Amino acid sequence: MTEVFNFCAGPAMLPKAVMTQAQNEFINWNNTGSSVMELSHRSSIYMAMAAEAEADLRDLMAIPDNYKVLFCHGGGRGQFSAVPLNLLPQGKSADYIVNGSWSRDAAYVHYCPNETVDGIEINDIPETYGVPLVADMSSTILSHEIDVTKFGLIYAGAQKNIGPSGLTIVVVREDLLGNAQLATPCIMNYETSADNDSMYNTPPTYAWYLAGLVFKWLKELGGVKAIAKINKAKAELLYQAIDSNSFYQNNIEQQYRSKMNIPFWLVDESLNEKFLTQAEQQGLMALKGHRIVGGMRASVYNAMPIEGVEALVDFMQKFASENSL
Ligand code: PMP
C-alpha cells in the first residue's frame with residue numbers, strides 16, 4: 001500500500017511510533033490482560049499512568065506549580081461554554097479578539113493564537129494589563145514553546161496535536177478557580193475537576209492514555225523546542241512551494257502565516273477536484289480546504305513527518321507542470 005500522509009485538520013494523524021505501541025498493547029496493557037480502555041479510571045495502575053501523562057505535559061510545556069492541568073470532555077466547543085461559566089461573573093463582560101482590538105474592563109480576554117480554518121497565526125502574545133488572558137490553543141499546543149505564565153487559561157481539544165478526539169486539555173491558573181457561576185454544570189466546573197484530579201466523572205480514559213504516549217514520544221524527540229524546529233522547516237518548505245509557483249496562491253501576510261494549517265488555492269479552481277483525486281492516489285489525504293474558505297489546506301501538526309510535506313511538494317510541482325497552459 002502507498003504510504004499515506006493525512007493532512008486532515010482534526011482528527012489528525014498521530015505519530016506512527018505511538019500507534020504501533022498502542023496496537024502492540026491494545027488487548028494486554030502492562031500485563032494486566034486487559035486493554036487500558038477496559039480498566040477502572042480509579043485503579044492504581046490507571047491512575048499512575050494518568051498522573052505520569054500530566055507530569056510529562058507539565059514538563060513539555062514548563063507549566064508552573066500554580067497552574068492546574070485538567071483532562072476534560074467536550075472538545076474546544078465545550079470550553080467555549082466552560083470558560084465564561086467559570087471565569088465570567090454575572091454582570092461582567094469578556095473581550096474576544098476577533099480583529100485585534102479589546103478593552104481593559106473585561107473579566108478576561110480570549111484569543112485564538114492559531115486559526116485552524118484560515119491558517120492565520122498570531123505570534124505576539126497580547127498584553128492585557130493584568131486581565132487574565134485565555135487562549136484557544138487547539139491547533140497549536142505543543143507545536144512551539146510558549147510562556148505559560150503569560151496566560152490565565154489555555155485550552156485545547158486533543159484531536160490535532162495531542163491524541164484522539166474526546167479529550168480536552170485545560171491549563172488554568174489556580175487563582176482563577178472558585179468563581180464559577182451557579183449554573184455551571186459540575187462536569188464543566190474547573191474547581192470540581194481540579195479537586196478530583198479530573199476524575200469527578202469518568203474521564204475519556206483511552207484518549208488520556210494515548211495522549212500520554214504522544215507526550216512520551218515528544219519528550220524522546222527532544223521536546224517542544226525540537227519539534228518547533230521541524231515544524232518551522234516543514235512550513236517553510238510548503239510556503240516556498242506555494243510562493244514559487246504562480247499556479248498556487250496563499251495571500252496571508254508572511255508574519256501571520258500559520259505553521260500548522262497551511263491553506264493554498266489553485267489559481268484555476270476548476271482543477272480542484274482533479275488535484276484532490278490525484279493527491280489521494282499518491283497517498284496525500286484530506287487536503288480539501290475548509291468549506292468556509294474553499295481551496296486546499298494542509299494541516300501539518302507535530303505528527304506529520306517532513307517526508308509527508310516533501311511528498312506533497314513533489315506532487316504539487318508535478319501537478320502544476322502537467323496542468324499549466
Ligand atoms: N478551536 C479551534 C482553534 C479549532 O480548530 C476547533 C476545531 N477545528 C475548535 C475550537 C472546535 O473544537 P471541537 O470540535 O473539539 O469542539
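Bear in mind that the values here come from a model prediction, so they are computed numbers and not experimental data.

## Re the overall build of the protein chain
A count of helices and strands for the protein chain gives eight helices and 13 strands. Computed over the C-alpha atoms, the radius of gyration of the protein chain is 21 Å, within 12% of the 20 Å expected from 2.2 N^0.38 for a compact globule of 325 residues. Considering the protein chain as a whole, with its 325 residues, one finds that 52% of them fall into the buried category. Contacts in the protein chain between residues at least 24 apart in sequence constitute 65% of all its contacts with a sequence separation of at least 6. When the accessible surface of the protein chain is totalled, it reaches about 15,500 Å², and 50% of it is carbon and sulfur.

## Overview of the site of the ligand
In the vicinity of the ligand, the residues found are G75, G76, R77, F80, C112, T116, D136, S138, Q159 and K160. Within the backbone of R77, an N or O atom sits 2.8 Å from an oxygen atom of the ligand. Q159 has a polar side-chain atom sitting 2.8 Å from an oxygen atom of the ligand. Take the shell around the ligand: its biggest share by element is four residues, from helix α3 (residues 75-87). A per-class count over the shell around the ligand returns two nonpolar, five polar and three charged.

## Here's the deal with the sheet that holds strand β4 (residues 109-111)
In spatial order, the strands read β2-β9-β8-β7-β4-β3; together these six strands make up an open sheet with mixed pairing. The open sheet has two edge strands with one neighbour each: β2 (67-72) and β3 (95-96). Across two bridges, β3 lies against β4 in parallel orientation. Residue pairing in the sheet places D95 in a bridge with V109 of β4. Lying over the sheet, α3 contacts β2, β3, β7 (133-136), β8 (153-157) and β9 (168-173), oriented at roughly 155° with respect to β8.

## Re the domain arrangement of the protein chain
Domain assignment breaks the protein chain into domain 1 (16-221) and domain 2 (222-323). With centres defined by C-alpha atoms, the gap from domain 1 to domain 2 works out at 28 Å. Summed over both sides, the interface between domain 1 and domain 2 buries roughly 2,000 Å², with carbon and sulfur atoms accounting for 56% of that surface. Among the residues domain 1 hides against domain 2, the three largest losses belong to V117, E121 and L221. Together they make up 27% of the total. At the boundary of domain 1 and domain 2, one finds one salt bridge. K259 serves as the salt-bridge partner of E121, at 3.4 Å between the closest nitrogen and oxygen. For the pair domain 1 and domain 2, the number of links is 14 residue pairs in polar contact (both at pLDDT 80 or more). Those elements that place two or more of their residues in the side of domain 1 that touches domain 2 are β6 (120-121) and α5 (205-221). Counting residues per element, the side of domain 1 that touches domain 2 draws most heavily on α5, at five residues.

## Some points on the packing of aromatic side chains
All told, the structure shown has 15 aromatic pairs when counted by the stated rule. Measuring from centroid to centroid gives 4.0 Å for F71 and W208, while their planes differ by 0°, and the two rings are stacked. Here F71 is found in strand β2, whereas its partner W208 is found in helix α5, with 137 residues between them in sequence. For F71, a relative accessible area of 3% corresponds to the buried category. Aromatic pair Y96 and Y108: ring centres 5.9 Å apart, planes at 70°, arrangement edge-to-face. Taken as a pair, Y96 in strand β3 and Y108 in the loop between β3 and β4 lie far apart in primary sequence, 12 residues in all. Looking at Y96, the relative accessible area reads 38%, which means it is partly exposed. An aromatic cluster of at least three residues, connected via ring pairs, comprises F247, Y248, F264, F275, F315 and F319.

Here is what the cut-offs are and how they apply
- Residues numbered from 1 in each chain as written.
- Predicted model: local features only at pLDDT ≥ 70, side-chain atom pairs only at ≥ 80, totals over all residues.
- Heavy atoms only, no water.
- Helix = DSSP H or I, 4+ residues; strand = E, 2+ residues; numbered from the N terminus.
- Rg over C-alpha atoms; globule rule 2.2 N^0.38 Å.
- Buried < 20%, exposed > 50% of the residue type's maximum accessible area, 1.4 Å probe, protein only.
- Contact = heavy atoms within 4.5 Å.
- Areas by Shrake-Rupley, 256 points an atom, 1.4 Å probe, with all protein chains shown as cover.
- Near = heavy atom within 4 Å.
- Polar contact = N/O pair within 3.5 Å; in protein donor to acceptor, adjacent residues only side chain to side chain.
- Nonpolar A, V, L, I, M, F, W, Y, C, P; charged D, E, K, R; others polar.
- Pairing = 2+ DSSP bridges.
- Axes fitted to C-alpha atoms, helices over the stretch in contact; angles between N-to-C directions.
- Domains from an automatic or database assignment.
- Buried area = accessible area lost by both parts, 1.4 Å probe.
- Salt bridge = Lys/Arg side-chain N within 4 Å of Asp/Glu carboxyl O.
- Phe/Tyr/Trp six-rings, centres within 6.5 Å; stacked < 30°, edge-to-face > 60°.

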